[in-house]
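# Working through the structure, step by step
Here's the letter readout for the chains.
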Amino acid sequence: MDFAGWASDSVGRIRADGIDGVRESLRPVYHKSLQGISRLRDPGTPIYERDWDLLIVVDACRLDLVREVAPAYDYIDGVGSLRSLDSMTLLWMLKNFVPVYAEEMSETAYVCGNPFSAEALDADDFLELDEVWEYVWEDPGTVPPRAITDRTIAASREHQPERLIAHYMQPHCPFLSRPNLTRGKRLDKFGHQEWDDVWQKLQAGKLTRDEVWAGYRENLELALDDIELLLENVDAENVVITSDHGNALGERWVYGHPPGMPMDCLRVVPWIETTAVDRETYEPETEVQREEEMDREEQLAALGYV
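Everything in this summary refers to the structure shown in the same document. Residue indices begin from 1 for each chain and proceed along its sequence in written order. Local features in this predicted model are restricted to residues of pLDDT 70 or higher, and side-chain atom pairs are both shown and tallied only at a pLDDT of 80 or more, whereas totals for entire chains, interfaces and linings draw on every residue. Excluded from the side-chain calculation are hydrogens and water; included are all heavy atoms of the structure.

Further remarks concern the packing of helix α7 (residues 145–159) against helix α9 (residues 209–231). Inter-axis angles, ranging from 0 to 180 degrees, are taken between N-to-C directions of lines fitted to C-alpha atoms, where helices are fitted over the stretch in contact. Here a helix means four or more residues in a row that DSSP labels H or I, a strand means two or more in a row labelled E, and each is numbered from the N terminus. Running from amino to carboxyl end, α7 crosses α9 at an angle of 20 degrees, the nearest separation of the two axes being 9 Å. For the element pair α7 / α9, the angle class is roughly parallel. Our pair here, α7 against α9, has a crossing hand that is right-handed. Across the interface between the two elements, Pro 145, Arg 146, Thr 149, Thr 152 and Ile 153 from α7 touch Leu 222, Ala 223, Asp 226, Leu 229 and Leu 230 from α9. As a working rule, the residues Ala, Val, Leu, Ile, Met, Phe, Trp, Tyr, Cys and Pro are called nonpolar, Asp, Glu, Lys and Arg charged, and the rest polar, with Gly in that last group. Classifying every residue of the contact of α7 with α9 gives six nonpolar, two polar and two charged. Working rule for angles: under 35 degrees goes down as roughly parallel, over 145 as roughly antiparallel, 65 to 115 as roughly perpendicular, anything else as oblique. Each crossing gets its handedness from the near helix: less than a right angle anticlockwise from the far helix is left-handed, clockwise is right-handed. In what follows, a contact means two residues having at least one pair of non-hydrogen atoms within 4.5 Å.

Set out below in structure tokens:
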């Protein structure tokens, strides 16, 4: 939005909401200042600069959240960290999957649940790009963990790639165990939803931090439970579980995950090293079904980006 558009919107907000409208109008200005600070800090580490055969991405996951639940999972022996390249998935993709890593990408099968792949990734750059969000999208508006698990097992067994990425949507909202906390995500407006997501409700005081944290934690546990199944049904000596970015719960007056933010809660993500052996205990059920195309704008809205 240009200055004239911002000024016009600001006048309307202030007339309608008074001091709350002032705060909301100043928010993008404040975010812009934080983005300037971000450029002065460590830019982060590209994923291809680390060693892994299978990279499991749990979308929008804070480091402290993982450390809270890690003791319940035998396959997590310790939780390290990595500074991500950005605080939003679209920019994380654009910064990680670049021509300098063309050789590595050509050896990578990427099973992706995040609709931003449509803007950021080119299937021709990968050994295989399976955009699961194109054919699996379930209430309350997301790709459930099992679809990613199924398609990752299938990719491993069918293609035996040198590198494999499984990009789960959880713990990103909506929270599957608590769909009442926010409306479902619309794929056709992914990134520009017309209603408040859990982070905006937290900011407005409509939800408590404890309510949001409980749903956030349960969403991560759903992903980690399925990852346990995945690790028993793929062969990979060097497995890493990480995230693209975290979520802010009011740190520096920021909520959710705006792009280009410098805060550690958004940029310092988990880096868990483990291993996987295909014991063939499970046969994947999710098949590629592209006859009925999803409306991507609805998906983006469902995830709180519209």
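Here the narrative resumes, following the displayed structure.
Before going further, it helps to examine the sheet that holds strand β4 (residues 128–131). Whether two strands pair depends on DSSP finding at least two bridges between them. Sheet architecture is open: seven strands sit in the order β2-β10-β7-β1-β5-β3-β4, paired in mixed fashion. Both outer strands of the open sheet, β2 (80–83) and β4, are each paired with one neighbouring strand and no more. Taking each pair of neighbouring strands and ignoring which way they run, the sheet shows an average axis angle of 20 degrees. Alignment of strand β3 (residues 108–112) against β4, held across four bridges, turns out to be parallel. Looking at the pairing, Ala 109 lines up with Glu 128 of β4. The strands touched by α7 are β1 (54–58), β3, β4 and β5 (163–168); relative to β5, the strand with the most contacts, the crossing angle is about 170 degrees.

Next up on the list: the pattern of salt bridges. Within this document, salt bridges are pairs made up of a side-chain nitrogen of Lys or Arg and a carboxyl oxygen of Asp or Glu, the two lying within 4 Å of each other. Under the definition given, this model contains twelve salt bridges. Between Asp 64 and Arg 62 there is a salt bridge whose closest N-O contact spans 2.9 Å. Burial classes: relative accessible area under 20% of the type maximum marks a residue as buried, over 50% as exposed, and values in between as partly exposed (1.4 Å probe, protein chains only). With relative accessibility at 35%, the residue Asp 64 sits in the partly exposed group. Residues participating in the shared-partner salt-bridge network are Arg 62, Asp 64 and Glu 251.

The subject of this paragraph is the environment of Asp 59. Within the secondary structure layout, Asp 59 lies in the loop between β1 and α3 (63–69). We classify Asp 59 as buried; its relative accessible area is 0%. Taking the C-alpha atoms as reference points, Asp 59 and Tyr 168, 109 residues apart in sequence, are found 6.0 Å from one another. Beyond its immediate stretch of four places on either side in the chain, Asp 59 contacts Thr 89, Asn 114, His 167, Tyr 168, Met 169, Gln 170, Pro 171, His 172, Ser 243, Asp 244 and His 245. Counted as a polar contact is a pair of N or O atoms within 3.5 Å, where, for protein atoms, one must be capable of donating a hydrogen and the other of accepting one, and residues adjacent in sequence contribute only when both atoms are in side chains. Among the polar contacts listed, one links the side chain of Asp 59 to the side chain of Asn 114, at a separation of 3.0 Å.

Turning to helix α4 (residues 89–96), a few remarks are in order. Those residues of α4 lying buried are Thr 89, Leu 90, Trp 92, Met 93 and Asn 96. Projection of α4 onto a plane perpendicular to its axis shows the buried side chains occupying an angular sector of 165 degrees, all on one side. Looking at the buried side of α4, the elements it contacts are β1, β3, α6 (117–120) and β5. The directions from the helix axis to the C-beta atoms form the arc being described.

This part is about the nonpolar core. Nonpolar cores were defined as sets of buried Ala, Val, Leu, Ile, Met, Phe, Trp, Tyr and Cys residues, with membership established by side-chain atoms within 4.5 Å. One finds Tyr 48, Ile 56, Met 93, Phe 97, Tyr 110, Ile 165 and Ile 227 to be the most contacted residues of the largest nonpolar core, which totals 83 residues. If one sorts the elements of this core by residue count, α9 sits on top with ten residues. Beyond its immediate sequence surroundings of up to four residues, Ile 56 is in contact with Ala 166, Tyr 168, Ile 227, Leu 230, Leu 231, Val 239, Val 240, Ile 241 and Thr 242. Residues Ala 248, Val 254, Met 261 and Cys 265 belong to the second largest nonpolar core, which totals six residues.

Looking now at the packing of aromatic side chains. We call Phe, Tyr and Trp rings a pair once their centres come within 6.5 Å, taking the six-membered ring for Trp, and we label the pair stacked below 30 degrees between planes, edge-to-face above 60, and tilted otherwise. Within the structure shown, the criterion is met by twelve aromatic pairs. Judged by centre distance (6.0 Å) and plane angle (85 degrees), the ring pair of Trp 92 and Phe 97 falls under edge-to-face. On the basis of relative accessible area, Phe 97 is assigned to the buried category, the value being 8%. Look at Tyr 110 and Phe 126: their rings are 5.9 Å apart centre to centre, the planes differ by 65 degrees, and that puts the pair in the edge-to-face class. Within this pair, whereas Tyr 110 is found in strand β3, its partner Phe 126 is found in the loop between α6 and β4, the two being separated by 16 residues in sequence. Each member of the pair Tyr 110 and Phe 126 is classed as buried. Counting every residue linked through ring pairs, the aromatic cluster contains Tyr 48, Trp 52, Trp 92, Phe 97, Tyr 101, Tyr 110 and Phe 126. Just above the ring of Trp 271 sits the side chain of Arg 50; from NZ or CZ to the centre is 5.1 Å. We note Arg 163 situated over the ring of Trp 52; from NZ or CZ to the ring centre the distance is 4.7 Å. In this analysis the charged atom, NZ for Lys or CZ for Arg, is taken to sit over a ring once it is within 6 Å of the ring centre and within 35 degrees of the ring normal.

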